[in-house]
Structures are given as C-alpha cells and as structure tokens.
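Single-letter residue listing:
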Amino acid sequence: MKIRIKYSKLGNLKFIGHLDVMRYFQKEIRRAKLDISYSKGYSPHQIISFAAPLALGITSDGEYFDAEFNSVTTSADMIEALNAVSVDENAKNAMSIVAASDYEITFREQNDLSEKLLASVDELNKQDEIIVLKKTKKSEKEENIRPGILKLERRGDGIYMLLQTGSVYNLKPELVVKALYDLCGETYDFFRIYIHRLETYYDKDGSLQPLYMAGEEF
C-alpha cells in the first residue's frame with residue numbers, strides 16, 4: 001500500500017536541508033518498526049518519494065511524501081509517529097501531481113521598507129509581464145514569472161501568494177519577493193523576511209485541492 005504523509009516544518013527546522021529531512025524520516029520509520037517496502041538489488045533503500053522539496057530557510061505547514069508499505073494496520077495506529085494518510089496504490093507519486101503551493105510572507109520589522117513592499121503588491125498585479133533575473137550555478141537569465149503567479153495579495157501586514165509548483169513549472173516565492181523589491185528600487189534581502197509555505201495542492205478537475213485530499217484516511 002502507498003501511504004501519503006503530511007508534515008510541518010517550522011521554527012529552526014527551516015535551516016535543515018532536504019536530504020537531512022529525508023534521512024530523518026527514514027530513521028523514524030525504522031524506529032517505529034513500520035513494515036515499509038525496500039527496493040531490490042545490492043543496495044536496498046526505502047521506497048519514499050517527496051513532493052516539491054522545500055528550499056532552505058522556508059517554513060511550511062504543507063509538506064508531503066509518499067511511502068510504500070508491505071503491510072499497515074490503521075492510520076490511528078500510525079498517527080502518533082507519522083500523522084499519515086493513504087492513497088490508492090495506483091495514484092501517481094506526490095511530486096508528479098503537484099500543481100501549486102501557497103505562501104505567507106511576513107517581515108522581521110515593520111518599517112518604511114516593508115510598507116513600500118506591501119504597497120507595491122497591487123502595482124505588481126497589474127503588470128502583464130514580470131521580468132526577474134534568475135541565477136543558477138552556471139548562468140543567469142531573465143524570466144517572465146507572471147504566468148506562475150496564480151494569486152498575489154496583501155493580507156494585513158503580510159503578503160499572500162499562490163504560485164505554480166511542480167515538475168511542469170516551479171516558481172519560487174523568493175523570485176516574487178525579489179520582483180517586489182525591484183519594483184520599489186530596493187536590493188533584495190532574504191534576511192528581512194519570513195517565507196512560510198501554507199499548503200501544497202494538486203489539480204482535481206480544474207480545482208486546486210490540498211495534496212492529502214488525493215487519498216482517504218484508513
């Protein structure tokens with residue numbers, strides 16, 4: 001049976017990289033003595049697939065991974081350790097069906113700069129194209145991120161954004177924040193903001209649904 005597991009990554013855990021998160025769950029599953037499936041061959045490993053790995057420095061309430069088990073009891077038995085939900089074993093793996101994620105952006109300090117950024121949200125929304133400089137290890141190029149922004153709005157003293165996520169196109173929230181900084185004529189500074197992922201979604205008949213809704217509690 002394939003199980004879809006939802007977890008949160010909060011507080012100082014935002015400084016723990018994705019590979020360490022993977023190792024943590026692998027060890028946790030072994031300690032819980034769950035009957036997880038292993039790959040075949042000379043170096044067997046647990047069959048686990050993570051959806052949209054979270055970038056370092058970002059917190060989240062909506063993280064997921066799929067794991068295959070040889071046998072299970074009930075979710076009530078597993079929930080203390082893993083807070084698990086199951087999906088149909090024929091369902092696509094978590095990463096392949098991810099369509100969007102939403103984020104909450106808040107500021108370490110409320111000051112003139114934060115007010116300028118908040119005030120620029122409406123202006124950015126009116127633009128048909130939003131060009132940012134996207135840097136990689138080998139190169140840098142301009143990219144229009146407008147199609148990847150599904151919703152962007154001010155909410156109180158913070159910013160809410162719903163962004164396209166997944167294997168087809170993956171827009172990082174940092175690029176949207178950078179576009180706001182550019183619009184204000186300011187230099188982007190990651191350490192002035194908090195980025196928190198609220199949920200991860202898949203597309204069900206044209207409607208975005210939380211990833212855990214792809215399965216049923218058992």
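These numbers were taken from a predicted model, which means no experiment stands behind them. (Residues numbered from 1 in each chain as written. Predicted model: local features only at pLDDT ≥ 70, side-chain atom pairs only at ≥ 80, totals over all residues. Heavy atoms only, no water.)

Draft legend 1. Geometry of the pattern of salt bridges. With the rule as written, the count across this model stands at eleven salt bridges. The closest approach of N and O atoms between Arg4 and Asp66, which form a salt bridge, is 2.7 Å. Within this pair, whereas Arg4 is found in strand 1 (residues 2-9), its partner Asp66 is found in strand 3 (residues 59-68), the two being separated by 62 residues in sequence. For Asp66, a relative accessible area of 4% gives the class buried. Residue Lys134 is joined to Glu143 by a salt bridge in which the shortest nitrogen-to-oxygen separation is 3.4 Å. With a relative accessible area of 13%, Glu143 lands in the buried category. (Salt bridge = Lys/Arg side-chain N within 4 Å of Asp/Glu carboxyl O. Helix = DSSP H or I, 4+ residues; strand = E, 2+ residues; numbered from the N terminus. Buried < 20%, exposed > 50% of the residue type's maximum accessible area, 1.4 Å probe, protein only.)

Draft legend 2. Molecular detail of helix 4 (residues 112-119). Inspection of helix 4 places Leu113, Ser114, Leu117 and Leu118 among the buried residues, and these make up the whole buried set. Seen along its axis, helix 4 keeps its buried residues to an arc of 135°; they face one direction. In helix 4, the exposed positions that point more than 90 degrees away from the buried face belong to Asp112 and Ala119. Turning to helix 4, the residues buried within the fold contact strand 5 (98-107), helix 5 (121-125), strand 8 (149-155), strand 9 (158-164) and helix 6 (173-184). At the N-terminal end of helix 4, a side-chain oxygen is found 3.1 Å from the backbone nitrogen of Leu113, two or three residues along, and the residue is Asn111. (Arc of directions from axis to C-beta. Contact = heavy atoms within 4.5 Å. Polar contact = N/O pair within 3.5 Å; in protein donor to acceptor, adjacent residues only side chain to side chain.)

Draft legend 3. Representation of the nonpolar core. Ranked by internal contacts, the top residues of the largest apolar core, which has 28 residues, are Ile105, Ile145, Ile149, Leu152, Ile159, Met161 and Val176. If you list the elements that add at least two residues to this core, you get strand 5, helix 4, helix 5, strand 8, strand 9, helix 6 and strand 10 (193-204). If you tally residues by element for this core, the top one is helix 6, at seven residues. If sequence neighbours within four positions are ignored, Leu152 has contacts with Val121, Leu124, Asn125, Ile159, Tyr160, Met161 and Val176. Membership of the second largest hydrophobic core comes to 13 residues, among which are Ile3, Ile29, Phe50 and Phe69. (Core = buried A, V, L, I, M, F, W, Y, C linked by side-chain atoms within 4.5 Å.)

Draft legend 4. Layout of the environment of Pro173. Here Pro173 lies in helix 6. Residues Pro173 and Arg146, spaced 27 residues apart in sequence, show a C-alpha to C-alpha distance of 12 Å. Beyond its immediate chain neighbours, meaning those up to four positions away, Pro173 contacts Ile58, Tyr103, Met161, Leu163 and Ile195.

Draft legend 5. Here's a closer look at the packing of helix 4 against helix 6. At a minimum axis distance of 9 Å, the contact between helix 4 and helix 6 shows a crossing angle of 105°. By the criterion of interaxial angle, the relationship of helix 4 to helix 6 is roughly perpendicular. Residue-level contacts link Leu113, Lys116 and Leu117 of helix 4 to Leu180, Tyr181 and Cys184 of helix 6. For the contact of helix 4 with helix 6, the per-class residue count stands at five nonpolar, no polar and one charged. (Axes fitted to C-alpha atoms, helices over the stretch in contact; angles between N-to-C directions. Parallel < 35°, antiparallel > 145°, perpendicular 65-115°, else oblique. Nonpolar A, V, L, I, M, F, W, Y, C, P; charged D, E, K, R; others polar.)

Draft legend 6. Molecular detail of the pairing of strand 3. With respect to burial, strand 3 is a largely interior element, eight of its ten residues being buried. As judged from the seven bridges shared by strand 1 and strand 3, these two strands associate in the antiparallel manner. Across the sheet, residue Lys2 finds its bridge partner in strand 3, namely Glu68. Where strand 2 (residues 48-50) and strand 3 come together, three bridges link them in antiparallel fashion. Following the sheet pairing, Ser49 is matched in strand 3 by Asp66. Summarising the sheet, strand 3 and strand 10 pair through two bridges and their orientation is parallel. Each residue of the ladder has a partner; that of Ser60, found in strand 10, is Arg197. (Pairing = 2+ DSSP bridges.)

Draft legend 7. Here's a closer look at the packing of aromatic side chains. The tally for this structure, following the rule as stated, stands at eight aromatic pairs. Between Phe25 and Phe50, the aromatic rings sit 6.2 Å apart at their centres with planes inclined by 50°, giving tilted as the arrangement. One end of the pair, Phe25, is in helix 1 (residues 18-31); the other, Phe50, is in strand 2, with 25 residues separating them in the sequence. For the pair shown, Phe25 and Phe50 are each scored as buried. Over the face of the ring belonging to Tyr160 we find Arg155, whose NZ or CZ atom lies 3.7 Å from the ring centre. (Phe/Tyr/Trp six-rings, centres within 6.5 Å; stacked < 30°, edge-to-face > 60°. Lys NZ or Arg CZ within 6 Å of the ring centre and 35° of its normal.)

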